[in-house]
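Commentary on secondary and tertiary structure
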Amino acid sequence: ELRLPPLPKGEGLIEFPVSAAASFRFFIDAASLSVGSDGVVRYTLVARSPTGAENTSYEGIRCVSGSYRIYAYAQSGGWSAANADWKPIEPKSVQRWHQALRREYFCPFHVPISSVAEGLDALRQGGHPDYKQKY
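Residues numbered from 1 in each chain as written. Predicted model: local features only at pLDDT ≥ 70, side-chain atom pairs only at ≥ 80, totals over all residues. Heavy atoms only, no water.

With that settled, the discussion passes to the environment of S19. Mapped onto the elements of the fold, S19 is located in the loop between β1 (13-16) and β2 (25-29). Separated by 13 residues in sequence, S19 and P6 place their C-alpha atoms 28 Å apart. (Helix = DSSP H or I, 4+ residues; strand = E, 2+ residues; numbered from the N terminus.)

Set out below in structure tokens:
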């Protein structure tokens, strides 16, 4: 059974770039990051518009298959289940943040990070060292 994390607090958010063309800013809540025994990297994503509006979701990425799932959305001070299935991460999708998180931070070369610390380091350093060395 999936346990939803507490809603994010501003001081725990780590920003990561998605693309130069993106007008939104994207953040991962450090306290929510986890690596499951099932190979899924789970996290709370905050997408902030240029006007300051925020969308918050709890998501997971399957590194090997290149798919993602949204488990819940933040609404009215709590979580609301999304009831979404696993979807493929499309490299040229409008939702480029899934591709960036998979490729550059949480799944270098389609292998999941081995620990939360490894994922947090990748976010704080602007990319996973294995990915940065190759590209």
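For the rest of this paragraph, the subject is the pattern of salt bridges. Counted according to the given criterion, the structure contains four salt bridges. In this structure, D38 and R42 form a salt bridge, with 2.7 Å as the shortest nitrogen-oxygen distance. In this structure, R103 and E104 form a salt bridge, with 2.6 Å as the shortest nitrogen-oxygen distance. The class of R103 is partly exposed, set by a relative accessible area of 34%. (Salt bridge = Lys/Arg side-chain N within 4 Å of Asp/Glu carboxyl O. Buried < 20%, exposed > 50% of the residue type's maximum accessible area, 1.4 Å probe, protein only.)

What follows deals with the state of the cysteines. Within this structure, the stated rule accounts for one disulfide. Covalent S-S linkage joins C63 and C107, the inter-sulfur distance amounting to 2.0 Å. Across the S-S bond linking C63 and C107, the dihedral sits near -55°, which makes this disulfide left-handed. Here C63, found in the loop between β5 (54-62) and β6 (67-75), pairs with C107, found in the loop between α1 (96-106) and α2 (116-124); they are 44 residues apart in sequence, far enough to count as distant. The burial state of C63 is the same as that of C107; both residues are buried. (Disulfide = S-S within 2.5 Å.)

Most of β2 is tucked away, with four of its five residues classed as buried. Across four bridges, β1 lies against β2 in antiparallel orientation. Its bridge partner being in β2, F16 is matched across the sheet by F26. Here four bridges tie β2 to strand β4 (residues 40-48), and the two strands are oriented antiparallel to one another. (Pairing = 2+ DSSP bridges.)

The next subject is unusual backbone geometry. Positive phi values are uncommon outside glycine, yet S76 reaches one of about 50°. You can see S76 is positioned in the loop between β6 and β7 (78-81). The phi torsion at H110 lies on the positive side, around 70°, for a residue other than glycine. One can find H110 in the loop between α1 and α2.

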